Amino acid sequence: MSTVSPLLAVDSLVRHFRIGGGKLFARPAVVRAVDGVSFTVGPSETLGLVGESGCGKTTVGRLVLGLDQPTHGCVTLGAQPLNDLAPAAWRALRRDAQMVFQDPLGALDPRMPVGRQIAEPLEIHGITGGGERAERAREMLAAVGLSPDLAARYPHELSGGQQQRVVIARALILKPRFVVCDEPVSALDVSVQAQVVNLLARMQREFQVAYLFISHDLKIVRHISHRVAVMYLGQIVESAPREELFERPLHPYTQALIAAVPVPDPTVKRKRLVLHGEPPSPVHPPPGCRFHTRCPLAEVRCRSEAPVLRTVASGHQVSCHLVTGPGASEPEITRCSS
Ligand code: SF4
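The paragraphs below set out a description of the structure included in this document.

Reading the values: the criteria
- Residue positions are given per chain, counted from 1 along the sequence in the order it is written.
- The predicted nature of this model means local features are confined to residues of pLDDT at least 70 and side-chain atom pairs, given and counted, to a pLDDT of 80 or more, with totals for whole chains, interfaces and linings taken over all residues.
- Calculated side-chain values reflect all of the structure's heavy atoms, with hydrogen atoms and water omitted.
- We call a residue near a molecule or strand when any one of its heavy atoms sits within 4 Å of it.
- Polar here means any residue outside two lists: the nonpolar Ala, Val, Leu, Ile, Met, Phe, Trp, Tyr, Cys and Pro, and the charged Asp, Glu, Lys and Arg; Gly therefore counts as polar.
- Whenever a carboxyl oxygen of Asp or Glu lies within 4 Å of a side-chain nitrogen of Lys or Arg, that contact is scored as a salt bridge.
- A run of DSSP states H or I qualifies as a helix once it reaches four residues; a run of E qualifies as a strand once it reaches two. Both are numbered from the N-terminal end.
- Here's how the labels work: a residue is buried when its accessible area is under 20% of the maximum for its type, exposed when over 50%, partly exposed in between, all with a 1.4 Å probe on protein chains only.
- Multiplying 1.5 Å by the helix residue count minus one yields the expected span of that helix.
- The contact criterion used throughout is that any non-hydrogen atoms of two residues lie within 4.5 Å.
- Strands are labelled as partners when DSSP assigns at least two bridges between them.
- To obtain each axis, a line is fitted to C-alpha atoms, and for helices this fit is confined to the stretch in contact; angles are then taken between N-to-C directions over 0 to 180 degrees.

Description of the site of the ligand
Around the ligand sit 13 residues in total, of which Cys-289, Cys-295, Cys-302, Cys-320 and His-321 are the nearest. Looking at the shell around the ligand residue by residue, the class counts come to 10 nonpolar, three polar and no charged.

Below you can see the structure in the form of structure tokens.
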């Protein structure tokens, strides 16, 4: 386990949303989008956050950047607790913490040339004069693999891959220490996804930036992450160093996600745990283990007793009643298809 102090520390983060209740006598419901999530991200490290759509991973990304406020829990960046920061303090913090969104066209201003958009953070933070800002924007365009001559173009004149490179250039021009990448390639053509992921990895080496990389695509997460955390219905159910998680997944949900990733070699045979049904509603999460309604290994106690996230190996944490202690082995899957 690394002894380096974490750059980002998330402790017991909870975000509940109240919905409904507008009608007479109707009782408002509570959506438990994030329900007790804790993790750390080290300097220049990438933590992949994976899970099915609606598991709460994007909400976690928004909470750690102050785009939403937690119901409980705290986030610390460096030595700075982020809860209840004043707006001016948040503005100053934006130099250190940025976001790359899923939809690059939606993240860019359609009426502003991309060079000005890349330089805009320098202007907001009062860094350098206009001429030098323009020059820095051209340098960033070159750094992300685009021609500096594109500075005068508008977003609609660029391809999706070029737009996302512009978004990355804008996110990194202030040399932040931490960036949340929320599904940064899922809106792009498959042919350019690898290029943009490789660009993010190269920029991490050049800028020593840490990423929280949110994605549902396990192949991409495996490629770019140092560690991976798996979320299910608002909670982390397993986290481990990348190779440990992909080679020795211990939670049945992680095993099912990994088993669903296509393998290009048809001669490779592996255990296949098939998940049936959709995740339950976060308005009414199941009691006990939240995964028990879909888990092929569920026991009676899983319906009433919630497992805790416990360390089973160095840096490897799992929440499952069947995975008990140091050196724990993979739970035996007896009801699987091949
Ligand atoms: Fe499955 Fe029970 Fe483990 Fe939950 S605690 S993952 S239901 S075996």
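So, the pattern of salt bridges
Side chains that carry opposite charge are capable of pairing whenever their charged atoms lie near each other. For the coordinates displayed, the defined rule picks out 13 salt bridges. Arg-222 is the salt-bridge partner of Glu-243, the closest N and O atoms lying 2.9 Å from each other. A residue pair is termed long-range when its members are at least 10 positions apart, and Glu-243 in helix α9 (residues 242-247) and Arg-222 in helix α8 (residues 218-224) qualify at 21 residues. Residue class for Arg-222 comes out partly exposed when judged on its relative accessible area of 29%. We note a salt bridge from Arg-242 to Glu-243, for which the minimum N-O separation is 3.4 Å. Taken together, the shared-partner salt bridges in this structure form one network comprising Arg-222, Arg-242, Glu-243 and Glu-247.

Some thoughts on helix α6 (residues 160-172)
With 13 residues, α6 should cover 18 Å at 1.5 Å per step; its first-to-last C-alpha distance of 18 Å lies within 8% of that length. Counting buried positions along α6 gives 11 out of 13 residues, so the element sits mostly inside the fold. Looking at α6, one finds that the buried residues are Gly-161, Gln-163, Gln-164, Arg-165, Val-166, Val-167, Ile-168, Ala-169, Arg-170, Ala-171 and Leu-172. Summarising the contacts, the buried residues of α6 are in contact with β6 (97-100), α3 (104-107), α4 (114-124), α5 (130-143), β7 (178-182) and α7 (190-207).

Looking at the sheet that holds strand β12 (residues 316-318)
Strand order in the open sheet formed by eight strands is β6-β7-β8-β3-β9-β10-β12-β11, and the pairing between neighbours is mixed. The sheet is open, and its two borders are formed by β6 and β11 (310-313), each paired with just one other strand. The sheet shows a mean angle of 25° between the axes of neighbouring strands, taken without regard to direction. As paired elements, strand β3 (residues 46-50) and strand β8 (residues 210-215) share five bridges and run parallel to each other. Bridge pairing in β8 places Leu-49 opposite Ile-214. On the sheet, α6 packs against β6 and β7 and is oriented at approximately 175° with respect to β6. Here helix α10 (residues 252-259) sits on the sheet in contact with β9 (227-232) and β10 (235-241), set at roughly 105° to β9.

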